[in-house]
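Take a look at the letters that make up each chain.
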Amino acid sequence: MIGRHRHLIGLEGLSREEILQVLDLATSMKEVLTRPVKKVPSLRGKNVVNLFFETSTRTRSSFEIAAKVLSADCLNWTAAQSSTTKGETLLDTAKNLEAMRPDVLVVRHSASGAPNFLARHVGCSVVSAGDGAHEHPSQGLLDCFTLRERFGSLEGRTVAIVGDISHSRVARSDLHSLPKLGAKVRLCGPPTMIPLGVERLGATVHHDLRTAVEGVDAVVMLRIQHERIGDPLIPNTREYSKFWGLNAKKAAEWLPPGAVILHPGPINRGVELSSDVADGPRSVILDQVQNGVAVRMAILYLLAGGAGEDRAEKVSA
Amino acid sequence: MSNPKDVVVIQGGRVIDPASGIDGVRTVVLRDGKVAEVSERVEAPSGALVVDARGKWVTPGFIDLHVHLREPGQEYKESIATGTRAAVAGGFTSVCAMPNTVPANDNTSVTELMLARAAAAGLARVYPIGAVTKGRKGEELAEYGELRAAGCVALSDDGSPVMSSGLMRRAMEYSRAFGLPVAVHEEDLHLVGKGVMNEGAIATRLGLKGVPAQAEDVMVLRDLSLLELTGGRLHLCHLSTAGSVRALRDARRRGLPVTAEVTPHHLALTDEDVAASDYDPDFKMNPPLRSADDVRALREGLADGTIDAIATDHAPHSPEEKKLEFDAALNGVLGLETAFPVCLDLVRQGLLTERRLVEALTVGAARCFGLPGGTLASGAPGDVAILDPTAAWVVDPMRGFSKSRNTPWKGRTLTGRCTHAFVGGRLVHETGDPR
């Protein structure tokens, strides 16, 4: 259980304390990853099923490694997109998998709300690995973890999220978590990529990158998906890159010295981020990847570990 | 002389008949399938069917301008027999059947089939609506003259807009030759895109693609503008936005021949309910549930008569089409069996008078398409609804008369229910009838 929750389908419903519960445990989990023998028996005998309706390398691998380090068995199920007219429905797929008695179903789906739908209809714990433009809770938590690790606390910090906010589940999960830890969030992108009413999620909106990053502690650069070009949200990547992309020159001139750069990956190099920034000293992008495993270990442990056993000791032993 | 057995005497109820200005305790007598009289006398001829309506409302049978009966072609969702059974259970004695059947009702053989099936069912009266364009494809005009001769009462491509302004102009002009209203489903498909719910803060939070209110507004404004050019009769289906109501109010003030309807769900629910439902596709319909401001404007428009009628847009779908992720589920919800209590709730909230509610369900609707009924005047069709405004019941989709179960009201307690319905003087529904 994460606080009161037996599923993790979004960060919107999580309290500050529940978020901190995951982050604190992830700190212990990260220590496990530094050991020569990266294996603890915490989830021995548990089954984690990765049910991915959208392609993913990073997130799926991260959940898989997290499960394996905790000694859970992990099955990857890559399903074709569900369809109303042909093939198996989402519910049928889930019911079939449930019959194999998993303890946790990790699901990624292109439809917002698909994990909510599954959580209503299956008996095991459901973890969203990203649904449509809704939420990507483990990404939001690993962003929080990475920033907390860097700054000690997020209290009073400012984070700018730059890119296609409309289609970004990462932006939403960040918006539902960073402010709970005391950070202020600014959103920046062309007006076509800023969804209506997003200010009501507690952020300020900017269209000018320079003012958006003024005085910030961190910038989350979002990937610009090629299918959005000519959607028509932007005329082309060249213009996007010129006005909303970050390169070393802009970073040096506009960002405060200690500010770091995050990106949920995969990066479109030369579009939202130039290589000299992505690989530069401000980048914490690879820290995010490493922290992602620790955060996902914490999530799986809390949902599948159960109470009443000495698993916490085994982890920290 | 009529046989006393064919006489119905409804006693002791509060008769609300806005068409004839009656609101008070009266006796309604039906004879030979027609309304014989509404008076204060109480004696009934021996052998007559006497119904005790004390504590209840007695109104003209409701008229629904907008239902999807799914026959021919999609009988797994609904049939004319089950749809009209659901209708009379909800107090609707006449329903207008939209032409998005398979094949579309764009020719007389489909119209004739619908009328034959309705006659065989012997429940609510069915008035088919013919397609504006062949196959509802928005490309070529359908044969309005023949459709009218076969029994169609209006034209609509409902479910789809007529995107071509040029074709819409010709459809409105040509319909004048036959006096048929053109009932329009207003959405600009380019603005809709892949949207699945009202665009705004709620859709942003849920990560669902939005449909802006302007997708409806711009088409309403376009067609009101065309109406000035073409004349004819325009009817706006299922209005959902404040902008539409504003445009309609202005058009009516200018005397344009336009009428409009609103659904119970657009009057009662908002996009907040989509969020509260946790992505339940039984809250997915087209047009989508809008903002609280839109709902307020719709209620005002209905209350002040800008909007003529309440129509359900009864849209049955099978569980295979609804028990899905929100994006993948089909649009539409059931409406016939829940319309009265849902709208009566607006009366209880003081937003609508009882008289205006009954008017919008009866004569207000009848006038839009020039239908018979909607009144208890002597000689009118013997179509009557008896309603218990205090009966509370829990909506159980498994126990409804529709073949489908896609109702947003499932599990909720609604107050108000049709206890008896008469069509042509014949009792076609009584509370407690088994499904």
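Source: prediction; values computed, not measured.

### Comments concerning the overall build of chain A
Here comes step 1: Per the secondary structure count, chain A includes 12 helices and nine strands.
Here comes step 2: Seen through its principal axes, chain A has C-alpha atoms that stretch 55 × 50 × 35 Å.
Here comes step 3: The proportion of buried residues among the 317 residues of chain A is 51%.
Here comes step 4: Sequence-distant contacts, at least 24 apart, represent 74% of the contacts inside chain A between residues at least 6 apart.

### With respect to helix H7 (residues 214-230) of chain B
Here comes step 1: Its 17 residues place the ends of H7 of chain B 24 Å apart at the C-alpha level, agreeing with the 24 Å of an ideal helix rising 1.5 Å per residue.
Here comes step 2: When H7 of chain B is considered as a whole, its buried residues turn out to be Ala215, Glu216, Asp217, Met219, Val220, Asp223 and Leu224 of chain B.

### Re the environment of Leu352 of chain B
All names here are of chain B.
Here comes step 1: With respect to the secondary-structure elements, Leu352 resides in the loop between helix H13 (339-348) and helix H14 (354-361).
Here comes step 2: For Leu352, a count of 22 C-beta atoms within 10 Å corresponds to the buried category.
Here comes step 3: Sequence separation between Leu352 and Asp6 is 346 residues, and the spatial gap between their C-alpha atoms is 36 Å.

### Quick look at the nonpolar core
In a soluble, globular protein the nonpolar side chains are often hidden away together inside.
All names here are of chain A.
Here comes step 1: Val22, Leu105, Ala298 and Leu300 are the most contacted members of the largest nonpolar core, which totals 117 residues.
Here comes step 2: Take this core: its biggest share by element is 12 residues, from helix H11 (residues 285-304).
Here comes step 3: Not counting the four nearest positions on each side in its chain, Leu105 is found in contact with Val49, Leu51, Ala94, Leu97, Leu118, Val122, Cys124 and Val126.

### Quick notes on the interface of chain A and chain B
Here comes step 1: Contacts between the two partners involve 24 residues from chain A and, on the opposite side, 18 residues from chain B.
Here comes step 2: Mapped onto the side of chain A that touches chain B, the elements with two or more residues apiece are helix H3 (90-98), helix H4 (114-121) and helix H6 (169-175) of chain A.
Here comes step 3: Looking at the side of chain A that touches chain B element by element, the count peaks at three residues for H4 of chain A.

### With respect to the domain arrangement of chain A
Residue and element names in this part refer to chain A.
Here comes step 1: Each assigned domain of chain A is listed here: domain 1 (16-136 + 291-316) and domain 2 (137-288).
Here comes step 2: Facing the 20 residues of domain 1 at the interface are 24 residues of domain 2.
Here comes step 3: Counting residues per element, the ones that place at least two in the side of domain 1 that touches domain 2 are helix H1 (16-32), strand S4 (125-131) and H11.
Here comes step 4: Residues belonging to the side of domain 1 that touches domain 2 are distributed by class as follows: eight nonpolar, seven polar and five charged.

### Brief notes about the confidence of the model for chain A
Here comes step 1: On average, residues of chain A score 92 in pLDDT, and 92% of them reach the 70 mark or higher.
Here comes step 2: pLDDT under 50 marks residues 307-317 of chain A. Its contacts with residues more than four places away, or in other chains, come to 10 contacts.

### Structural notes on the domain arrangement of chain B
Residue and element names in this part refer to chain B.
Here comes step 1: Here the domain parsing of chain B yields domain 1 (4-58 + 381-430) and domain 2 (63-369).
Here comes step 2: Centre-to-centre separation of domain 1 and domain 2, based on C-alpha positions: 26 Å.
Here comes step 3: Taken together, the contact between domain 1 and domain 2 spans 29 residues of the former and 40 residues of the latter.
Here comes step 4: If you list the elements that add at least two residues to the side of domain 1 that touches domain 2, you get strand S16 (384-394), strand S17 (413-423) and strand S18 (426-430).
Here comes step 5: Considering every element that reaches the side of domain 1 that touches domain 2, the biggest residue donor is S17, with seven residues.
Here comes step 6: Here the residues of the side of domain 1 that touches domain 2 sort into 15 nonpolar, eight polar and six charged.

### Remarks on the confidence of the model for chain B
Close inspection of predicted coordinates is inappropriate in any region flagged by low pLDDT.
Here comes step 1: Here chain B shows a mean pLDDT of 96. Residues at 70 or above account for 99%.
Here comes step 2: Reported confidences for the modelled complex are a pTM of 0.94 and an ipTM of 0.91.

### Some points on the environment of Pro181 of chain B
All names here are of chain B.
Here comes step 1: Tracing the backbone shows Pro181 in the loop between helix H4 (165-175) and strand S10 (182-184).
Here comes step 2: Take Pro181: there are 23 C-beta atoms within 10 Å of it, and that puts it in the buried class.
Here comes step 3: Each C-alpha atom of the pair Pro181 and Leu155 lies 6.2 Å from the other, and the pair is 26 residues apart in sequence.
Here comes step 4: Sequence-distant contacts of Pro181, that is, excluding residues within four places in its chain, are made with Ala154, Arg233, Leu234, His235, Cys368 and Phe369.

### Quick notes on the sheet that holds strand S7 (residues 203-206) of chain A
Residue and element names in this part refer to chain A.
Here comes step 1: One open sheet holds the five strands; their spatial order is S7-S6-S5-S8-S9, and the pairing between them is parallel. Because the sheet does not close on itself, it has two edges, and the strands there are S7 and strand S9 (260-262). Sheet twist, expressed as the average angle between the axes of neighbouring strands with direction ignored, equals 25 degrees.
Here comes step 2: Looking at chain direction, strand S5 (residues 158-162) and strand S8 (residues 218-221) are connected through four bridges and run parallel. Counterpart to Val162 in the pairing with S8 is Met221.

### A closer look at the sheet that holds strand S2 (residues 73-78) of chain A
Residue and element names in this part refer to chain A.
Here comes step 1: In spatial order, the strands read S2-S1-S3-S4; together these four strands make up an open sheet with parallel pairing. Two strands lie at the open edges of the sheet, namely S2 and S4, each paired on one side alone. Pairs of neighbouring strands in the sheet enclose a mean axial angle of 15 degrees, with direction left out of account.
Here comes step 2: Two elements, strand S3 (residues 104-109) and S4, share five bridges in a ladder whose sense is parallel. Looking at S4, one finds that His109 is bridged to Asp131.

What counts as what
- Residues numbered from 1 in each chain as written.
- Chains lettered and ligands numbered in written order.
- Predicted model: local features only at pLDDT ≥ 70, side-chain atom pairs only at ≥ 80, totals over all residues.
- Helix = DSSP H or I, 4+ residues; strand = E, 2+ residues; numbered from the N terminus.
- Buried ≥ 20, exposed ≤ 12 C-beta atoms within 10 Å, placed from the backbone.
- Contact = placed C-beta atoms within 7 Å.
- Expected span 1.5 Å × (residues − 1).
- Core = buried A, V, L, I, M, F, W, Y, C linked by C-beta atoms within 7 Å.
- Domains from an automatic or database assignment.
- Nonpolar A, V, L, I, M, F, W, Y, C, P; charged D, E, K, R; others polar.
- pLDDT = per-residue confidence, 0-100.
- Pairing = 2+ DSSP bridges.
- Axes fitted to C-alpha atoms, helices over the stretch in contact; angles between N-to-C directions.

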